[in-house]
Amino acid sequence: MESKVYFVGAGPGAKDLITVRGMELIKKADMIIYAGSLVNPELLEYARPDCEIFDSSRMTLDDVVDKYILAKERKLNVVRLHTGDPSLYGAIKEQMDALDELRIEYEVCPGVSACFGAAASMNLEYTLPGISQSLIITRMAGRTAVPEKESIEGFAAHQATMAVYLSAGNLGELSRRLIDGGYDADTPAAIVYKATWEDEKIVTCKVAELEKAAEDNGIKKTAVVLVGNVVSGEGYEKSKLYDKHFSTEFRNAD
């Protein structure tokens, strides 16, 4: 049997919000490398007693690749456990490139991202007719740059719903840039700290109040910021999907 790496989405936080496939992969893994600063450690309870477990928050890319090499030599299956969904801010492409060079097979198991965990916790619908039909998932520039065409101001000009990741430590700047881009200062917003975790905290406010709301609630990291009129859930139109005056493939209009 050859070694294989599985990039598994751990979900937003709650242990039971990992996919069934992801859980089964953890149960079968010989080695797990997990994002210790973000992934709920309770998920490791699914692992076998003899599974080797490493915390990637203390590792560099080279350190992780070294474990992949070790796993190949020993013909071990590896679960690389990322928070949320691996395709969002998971830095998986650079790992895949290394695995390609090493001729190690890999595949991805998707997961529930934090913005969807946050929506569930808030009973929120991102795509309310007449309000917004688009969700923009983005982040502010930090140690990793953001392309100039993907600025907060540029996205704010669309007036769509926004989920802003990895920006909880600089909400004053985020607030200013959202307003400069086109959002009204009183646009509804929410800061969702550790969505779906036991210590989850949801703070609703206005765009202009983001910084103060975070300070008042001691939120500095591990939060997703939601912006847009869908947060209030008011003033929307009912969907045509269930409108009795419209025919569909499965029913006739009244």
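The following refers to the structure shown. These figures come from a predicted structure and were not determined experimentally. (Residues numbered from 1 in each chain as written. Predicted model: local features only at pLDDT ≥ 70, side-chain atom pairs only at ≥ 80, totals over all residues. Heavy atoms only, no water.)

### As for the nonpolar core
What counts, and what does not: Only buried residues count toward a nonpolar core. Its members are Ala, Val, Leu, Ile, Met, Phe, Trp, Tyr and Cys residues joined through side-chain atoms within 4.5 Å. Think of it in three bands: residues with accessible area under 20% of the maximum for their type are buried, residues over 50% are exposed, and the middle band is partly exposed, with areas taken using a 1.4 Å probe on protein chains only. Secondary structure elements are defined from DSSP: runs of H or I of at least 4 residues count as helices, runs of E of at least 2 residues count as strands, and each element is numbered from the N terminus. Here a residue-residue contact requires only that any non-hydrogen atoms of the pair lie within 4.5 Å.
Met-162, Leu-174, Leu-178, Ile-191 and Leu-210 are the most contacted members of the largest nonpolar core, which totals 25 residues. Taken together, the elements giving at least two residues each to this core come down to α5 (152–156), β7 (161–165), α6 (171–181), β8 (188–193), β9 (201–206), α7 (210–216) and β10 (223–227). In this structure Leu-210 touches Leu-171, Leu-174, Ser-175, Leu-178, Ala-189, Ile-191, Cys-205 and Val-225, once residues within four positions along its chain are discounted. Ile-32, Ala-35, Ala-47 and Cys-51 belong to the second largest nonpolar core, which has 20 residues in total.

### Details of the sheet that holds β9
What counts, and what does not: Only when DSSP finds a minimum of two bridges between them are two strands counted as paired. Between N-to-C directions, angles span 0 to 180 degrees; the directions come from axes that are lines fitted to C-alpha atoms, helices contributing only their stretch in contact.
Strand order across the open sheet formed by five strands is β6-β7-β10-β8-β9, with mixed pairing between neighbours. A single partner strand is all that each edge strand has here, and the edge strands are β6 (135–139) and β9. Averaged over all neighbouring strand pairs, the angle between strand axes comes to 20°, with direction disregarded. Looking at chain direction, β8 and β10 are connected through five bridges and run antiparallel. What sits directly across from Tyr-193, in β10, is Ala-223. Each of β7, β8 and β10 is contacted by α6, which is oriented at about 20° to β10, the strand it contacts most.

### A few points about the sheet that holds strand β3 (residues 52–55)
By definition, the strands of a sheet pair up through backbone hydrogen bonds, in either a parallel or an antiparallel sense. Strand order in the open sheet formed by five strands is β3-β2-β4-β1-β5, with parallel pairing between adjacent strands. One side of each edge strand has no neighbouring strand; the edge strands of this open sheet are β3 and β5 (105–109). Direction aside, the axes of adjacent strands within the sheet are offset by 20° on average. By the bridge criterion, five bridges tie strand β1 (residues 4–9) to β5 in an arrangement that is parallel. By the bridge assignment for β5, Val-8 is matched with Cys-109.

### Here we look at unusual backbone geometry
For Ala-91, which is not glycine, the phi dihedral falls at a positive 50°. Assignment of secondary structure puts Ala-91 in the loop between β4 (77–82) and α3 (93–102). A positive phi angle is found at Gln-159, which is not glycine, with a value near 60°. Among the secondary structure elements, Gln-159 is positioned in the loop between α5 and β7.

### Observations concerning the layout of surface pockets
So the rule is basically this: Computed over the protein atoms alone on a 1 Å grid, cavities are sets of points where a 1.4 Å probe fits but cannot get out and pockets are open sets with protein on both sides within 12 Å along at least five of seven lines; a residue lines them when it has an atom within 4 Å of a point. Grid points are joined across faces, edges and corners, and a volume is the space filled by probe spheres set on the points. Each residue gets one of three labels, nonpolar for Ala, Val, Leu, Ile, Met, Phe, Trp, Tyr, Cys and Pro, charged for Asp, Glu, Lys and Arg, and polar for the others, Gly among them.
Empty space within the largest pocket amounts to approximately 1,500 Å³. Contributing to the lining of the largest pocket are 41 residues, with Ser-37, Leu-38, Thr-83, Tyr-89 and Leu-166 lying nearest its centre. Secondary structure elements with two or more residues in the lining of the largest pocket: α2 (61–74), β4, α3, β8 and β10. In terms of residue class, the lining of the largest pocket is made up of 19 nonpolar, 15 polar and seven charged.

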